[in-house]
Amino acid sequence: MGVQSASVDRQRPRRRTDRVAATGAILALAGCVALPLYALRANRIVNGTPLSLGAGGPAAWMLLALAIAAATASFSLAGKLRARVELACAVGMMGALLWALGFAAAHLAPDVTSPARVSIGAGAWVAVAGAAVVWFAAVHARPGRAWRVGALVALVVVVVAAAMWGGLGRLSIVLEYAVQGAAFWSAVWTHIALAGTSLGFAVAIGVPLGVASSRIPWVRTAVLSIVGVMQTVPSLALLGLLVVPLAALGLPGIGPLPAIIALTVYALLPIVRNTYVGLTQVDPSVVDAGRGMGMSRWQLLTRVEAPLAMPLLLEGVRAAAVMIIGIAAVVAFIGNGTLGVLVILGWGGQVDDLTLLGAVPMVLIAVAADVGLRAAGRLVTSPGIRMEVS
Amino acid sequence: MRRRWTGVALVGAGALVFGYVVSREDWWSLVLRSLFPDLPVVVFPSATLGQLVVQHLGLVLVSSAVTIAIGIPVGVWVTRPSGRDFRELVSATVDLGQTFPPIAVLALMMPLFGIGTPLPAIVALALYGMFPVVSGTVAGLDSVPPAVLDAARGMGMGRWQVLFRVELPLAARVIMAGVRTSVIINIGTATVAAATGAGGLGSPIFSGINTQNGALVLEGAAAAAMLAVLADSMLARVEDLVTPAG
Amino acid sequence: MIRLEEVTKRYGETLAVDRLSLEVGEGEVCVLIGPSGCGKTTTLRMINRLIEPTSGRIMVGDRDITSVTPEELRRGLGYAIQSVGLFPHLTVAENIVTVPKLLGWEASRMQARVGELLSLVGLDATSYRGKYPRELSGGEAQRVGVARALAADPPVLLMDEPFGAVDPLNRERLQGEFARIQKELHKTVVFVTHDVDEAIRLADRIALMRDGRLQQYDTPENLLDHPASKFVHDFMGADRALKRLGRVRVDAVMRSEVPRISDGSDAVAAAQRAACTAERFSYLVDQDGRLEGWIDCRLLDRGGSAESAITHVDWRATTVRPDTSLKEALSHMLELGFRSIAVTDETGRLLGDVALAGIETTLTEGDAYSAGGPAEGGAQ
Ligand SMILES: Nc1ncnc2c1ncn2[C@@H]1O[C@H](COP(=O)(O)OP(=O)(O)O)[C@@H](O)[C@H]1O
Ligand SMILES: [Mg+2]
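Think of each chain on its own: its residues are numbered from 1, step by step along the sequence as written. Chain letters start at A and ligand numbers start at 1, both assigned in the order the entries are written. Residue-level local features of this predicted model are given only where pLDDT is at least 70; pairs of side-chain atoms are given and counted only at 80 or more, and the full residue set underlies all totals for whole chains, interfaces and linings. The side-chain quantities take in all heavy atoms of the structure and omit both hydrogens and water.

**Description of the packing of aromatic side chains**
No. 1: Only Phe, Tyr and Trp rings are paired, with Trp represented by its six-membered ring, and only when their centres lie within 6.5 Å; those with planes under 30 degrees apart are stacked, over 60 edge-to-face, the remainder tilted. Scanning all chains against the criterion turns up 13 aromatic pairs over all chains.
No. 2: An angle of 80° between the planes, with centres 5.9 Å apart, marks the rings of B:Tyr128 and B:Phe131 as edge-to-face. Of this pair, B:Tyr128 and B:Phe131 both sit in helix 6 (residues 119-142), 3 residues apart, which is roughly one turn of that helix. In terms of burial, B:Tyr128 and B:Phe131 fall into one category: buried.
No. 3: Through a chain of ring-to-ring contacts, the aromatic side chains of A:Tyr177, A:Phe184 and A:Trp185 assemble into a single cluster. Every helix listed is a DSSP run of H or I at least four residues long, and every strand listed is a run of E at least two residues long, numbered separately from the N terminus. Between buried and exposed lies partly exposed: a residue is buried under 20% and exposed over 50% of the maximum accessible area for its type, with that area taken using a 1.4 Å probe on protein chains only.

**Some remarks on the site of ligand 1**
Residues and elements named next belong to chain C.
No. 1: In the vicinity of ligand 1, the contacting residues are Tyr11, Ala16, Ser36, Gly37, Cys38, Gly39, Lys40, Thr41 and Thr42.
No. 2: Under the rule applied, a polar contact is a pair of N or O atoms within 3.5 Å (in protein, one hydrogen donor and one hydrogen acceptor; residues adjacent in sequence only if both atoms are side-chain atoms). In the model, an oxygen atom of ligand 1 is placed 2.6 Å from a nitrogen or oxygen of the Thr41 side chain.
No. 3: For ligand 1, an oxygen atom lies 2.5 Å from a polar atom in the side chain of Thr42.
No. 4: Relative to its unbound accessible area of 560 Å², ligand 1 is 58% covered by the protein chains.
No. 5: For the shell around ligand 1, the element with the highest residue contribution is helix 1 (residues 40-47), accounting for 3 residues. A single heavy atom is enough: if one lies within 4 Å of a molecule or strand, its residue is considered near that molecule or strand. Method for areas: the Shrake-Rupley scheme with a 1.4 Å probe, in which residue coverage is limited to the protein chains shown.

**Let's talk about the domain arrangement of chain C**
Residue and element names in this part refer to chain C.
No. 1: What the domain assignment reports for chain C is domain 1 (2-246) and domain 2 (250-370).
No. 2: Measuring from the centre of the C-alpha atoms in domain 1 to the corresponding centre in domain 2 gives 39 Å.
No. 3: Facing the 16 residues of domain 1 at the interface are 13 residues of domain 2.
No. 4: Taken together, the two surfaces of domain 1 and domain 2 that pack against each other cover about 1,100 Å², and 58% of this comes from carbon and sulfur.
No. 5: Buried area: the sum, over both parts, of the accessible surface (1.4 Å probe) that disappears when the two are put together. Of all residues in domain 1, the largest losses of buried area upon contact with domain 2 belong to Leu242, Arg244 and Leu245, amounting jointly to 46% of the total for that side.
No. 6: One speaks of a salt bridge when a side-chain nitrogen belonging to Lys or Arg is within 4 Å of a carboxyl oxygen belonging to Asp or Glu. Here domain 1 and domain 2 share 1 salt bridge between them.
No. 7: Elements with a contribution of two residues or more to the side of domain 1 that touches domain 2: helix 10 (220-225), helix 11 (230-236) and helix 12 (240-247).
No. 8: If you tally residues by element for the side of domain 1 that touches domain 2, the top one is helix 12, at 6 residues.
No. 9: Taken together, the residues of the side of domain 1 that touches domain 2 sort by class into 6 nonpolar, 4 polar and 6 charged. An automatic or database domain assignment supplies the residue ranges for each domain. Whether two residues are in contact is decided by their heavy atoms: any pair within 4.5 Å suffices. Polar here means any residue other than Ala, Val, Leu, Ile, Met, Phe, Trp, Tyr, Cys and Pro, which are nonpolar, and Asp, Glu, Lys and Arg, which are charged; Gly is therefore polar.

**Quick look at the sheet that holds strand 6 (residues 77-81) of chain C**
Residues and elements named next belong to chain C.
No. 1: Pairing between strands is defined by DSSP: at least two bridges between them are needed. Ordered in space as 6-7-8-3-9-10, the 6 strands form an open sheet in which the pairing is mixed. Every interior strand has two partners, whereas the edge strands, strand 6 and strand 10 (213-218), have only one. Across this sheet, the average inter-strand angle for adjacent strands is 15°, counted without regard to direction.
No. 2: Note: strand 3 (residues 29-33) against strand 9 (residues 205-210), 4 bridges, orientation parallel. Pairing of Ile33 across the sheet is with Leu208, part of strand 9.
No. 3: Across the sheet, helix 7 (residues 138-150) is in contact with strand 6 and strand 7 (156-160); its angle to strand 6 comes to roughly 165°. In this analysis an axis means a line fitted to C-alpha atoms, helices contributing only their contacting stretch, and an angle means the value between N-to-C directions, from 0 to 180 degrees.

**Digging into the interface of chain A and chain B**
No. 1: Counting residues at the interface gives 37 residues for chain A and 41 residues for chain B.
No. 2: Both faces combined, the contact of chain A with chain B buries some 3,400 Å², and carbon together with sulfur accounts for 82% of it.
No. 3: Three residues stand out in chain A for area buried against chain B, namely A:Thr232, A:Leu236 and A:Trp347, and they jointly supply 20% of the buried area on that side.
No. 4: If you look at where chain A meets chain B, you find 2 salt bridges.

Now the structure itself:
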C-alpha cells in the first residue's frame, strides 16, 4: 500500500503551491510596482524623488517578468522542475535588479561632473529580499546539487558583469565609496582590529574565569552575576560610565582604550557562560573514568574536558564576536574610526548613502564572522561528538 | 511561592526608588557638580531627566509592544500546520537577523523613514527586537514534550485549547526569556537612536560628547544603566512568575 | 596482593564503610556484593584513591597506596565502570591507549596493543579501532571499556558493575568472555556487583557487605553451603541449590568409565555385541573415539532390530564439555529430555557422561539455614 502510493506520487506529483516561493515572488513584485526601485537626487544631500520602474530600462521589465514567472511557477508547477525554475528566476531577478539600477544610474547621472545621484530605493531592498526568499524556497525543494552550485556561480558572474559593464559605478553608494576611498578601508580595518583585539582579551580573560566558575561555586556566582549585569547596561551608557574611573586614573575617556574595555566586557558573558556550561555538561562518568585511569587535573582538563567543551566554547566566542562587531560601531561616538563613523557622518549630514556605506559592510563583517566561526567550530569538534551539538 | 513574591516586591520597590531619584534633578546636579566642578552646566538643559526617561520608555514600550504583538503570533504560526512551510524561512531569517549589528538596522531604516523623528527608531527597534521573540517562541513551543500534547488531545481538547491551556503555559518561560532579551537590547539600541533625533536618555550623552561635557554624558549613562538593570530584573521576575510551578 | 586493614569511610553521620578488612590474593577474583548503598563502590574507589578513607590502611602489592601519588597509583590499576565512561571525542583506539599514552609508550607499541586487546575482548580490530563511542552498542562499549582497563597490562583490575547496564543476554556473554580472559591473564580483580549469579559465576571469593560492614568473605561454595548468618543465607537466594550447580564443573561429577563400542566398519555387528553389557545404553564411537550415537541395549535384548536400536547424533548438539557448569548441563538435559548427557572434548571425543542422579546428589547437599535450620535472626 505504502509502496504503491509512493510510486503514484512519483509519476504524478501532488500539486501543492510552494507558498514560501510564492511569498517571495509577491514580495519582489511589490518591490517593483508599489515602491520605488531607485530615487534621483539633485545632489548627494537632498532627498530623492522616486523614479518609475521604466527608468531602469529593459532589465527593469525583465525583473518584473521574472517575478511574475516565479509566482506562476510556484502556483502551477511541481517537483524538481518547479524548484529549478524558481531558482533560475531568483538568480535572474537579482541580476536584473543590478542591471536596472546600473542602467538608471548611468542614464540619469551619467556625468562625472554632474551632482545628480541615483540611489537605491526601498523597492530594491524589498525586491532583493523577495528574490532571496524565492532562492531559499527553491534550494529547500531539492533542485539537485548541480543546480544549487550553478545558481551561485551564475549569481557571481551576473554581479561581476553588472559591476564591470552595467553602470553600477555611477550608483550613488559607489560614488560615495569613491569619495571616501582610503577612509572607508581604514574604517573597515579599525572596526575589525578593535573587535578582534577585544575578542582576544575576552577569550584570554573569559576562558580562565569560566574554568574557575566550573570548579569553584562562589566564583561562578560572583562572575556570572557581575558579567550578567554588565551585559544589560547599554553599550553607550557603559562607555559614558567609564569616563569617571578612567579620568580618576588619568586615562583618556575617549579613543581606543575605553572602547576596548567596553567591548571586552560585553564579550565576556557569552564566553564565560559557555565555557562554564561546556565544562559542567561533560558526563561525570567520563571524568570519573579519566581520573580513575590516572589523569592529573591538568591532563583531565586538556585532554578530556576541553575537547568536549570546545564546541560550546566556540559557540560563545561566535556570539561574542557578532555582538561586539555591532558594538564596535557604537564606539565611533567616542572617537574611534570604525565603520560607525560613516553611519554617524551620514546621519549628521543627512547623506543616506554614506550611512549605507557604513552599515552594509558592518553587516557583511558580522555575517562573515558568524559563518567563519561556525565553520571553525565544526572543524575543532571531534566527529565523535559532532551530532550532539547543532 | 513566597520567595517569588518577595522578589517581585523588591523589584517594585526598586522601580519606585528609581522613579523618585530620577525626579530629583537637584540631587543629580549636586552630585555631578561635585564630580565636575569646572563645567558650566552639569545637567542636560533641554529636558529634565524625568522627561528623558519617559521618552526612552516610550520608544521601548511602543516598539516592544509591536514586537510582541507580531513576534509571538509569528512564532506560534510557524509551529502550526498552516505555517509549517514557513518555519525554515523564519528560522533562517531570525538567525541571520540576530547577526546584524543593531546600529546597522537603525542605519538602514533612516533612508526609508527620514531622520529627525522617532519613527525610524521605533521601526528599527521593533524589527530588531522581533528576532529573539520569534526564536524564543519557537524554541519554547518546541520544548513542550510531544507526550503532553498527545495526552491533551487524548483528553479531547481542541487545537486552540491545546495551544492556550497547554502549549503556551509550558512555553511561557522560554518565550519570556526571548522577550526579556528583546527589551534589553531595545533599551540599549534606543540609547543610540538618540543620535537620529529619536530623543531619550541618549540625548544628554550625545550632547555631552559633542560639547566635551563629561557631566552630561554621566547623567545620561547612569540613568540609562539603571533603567536597563531595573528592567532586566523586572522581566526576570516576570519570567519566574510565568514559570509553571514544578 | 590487595589488603584492606580496618578501612573506614564516614560521610558526616553515615558510615559508608565500617572497619573493613579484606585480603585479595594474587590472581584472585574478589567480588564485592551486597544491597544497594552497602558501600561497595566506596570500597572500590578507596583502592584507587578516588575516595580517601577516613581511617585505616590499604596495601596494593607490598606498598601502602598513600606512598605514591594518586595518579601514579591509578595508572597501575585497571578501572572499568558501569557507565563505561568512554571518551566520546576519541576513537576506540584512542580510548584504549589512554593509560599507555599517559605512561609515554611508543606509538607503534600502542597500535599493536590496540589490535591485541580488541581481539582479546572479541571485537574485530580493523573495523572497530576507528569507530567513535556513539557508534557502539552497549555491549561493544563495555568490551572497549574492559580493553581500555587492560591496556597497560596492570596487575590489578578494579571493576564497578561493569556489566550492570547491559541486557541479560549480552551480560551472560560478557561474563563468559571475562572468565575466559581472566583464565588467560590471571589478574587480581576486585569486582563490584549486585547480581548474585554473576558473583557466583565469576568469583574466587565473595565479600558480602551490608551497611558498610563485611558479613562474610569466603568462596562462593562456602557462602552457599555455610552461610554465616541468616542475612547471608537470604541474600544468596532461595535457589541456592541451583546456584551451587553453577559453580560445579561437569568433570567434577563425570563418570568416565562408560560403556562404549568402537563400531569398526559394521555398526550393526557392534550393536549386537553391545547387547551383552549390563547398562541400558552404550555409546557408539568411531576409531578416533569421536561420539557417533548410542545403542539402546534393552531394545536389542527384547529382540528389536539393530537398526532400530541405534540413534545417530551430532555430538555438537547433544554433549557438554568438561568445563561446562552443572547448571548448564542440567539445563541441556532438561531441554533434550535425557536422563544423562555425554561429555566430550572440543573435537567430539567421548570423555564420559553425567547422569541426572549424579547432579541430584550435589543438589541435596543443603546448608544449615535451609528448611529446618536455625530460627529467625540467627547470628548477624
Ligand atoms: N559523596 C557522598 N556523600 C555522602 N554520602 C555518600 C557519598 N557517597 C556515598 N555515600 C553514601 O555511602 C553509602 C555507600 O555508598 P556506595 O558505596 O555508593 O554504595 P553501593 O554499595 O551501592 O555502591 C550510601 O549510603 C551512600 O548514600
Ligand atoms: Mg555502587
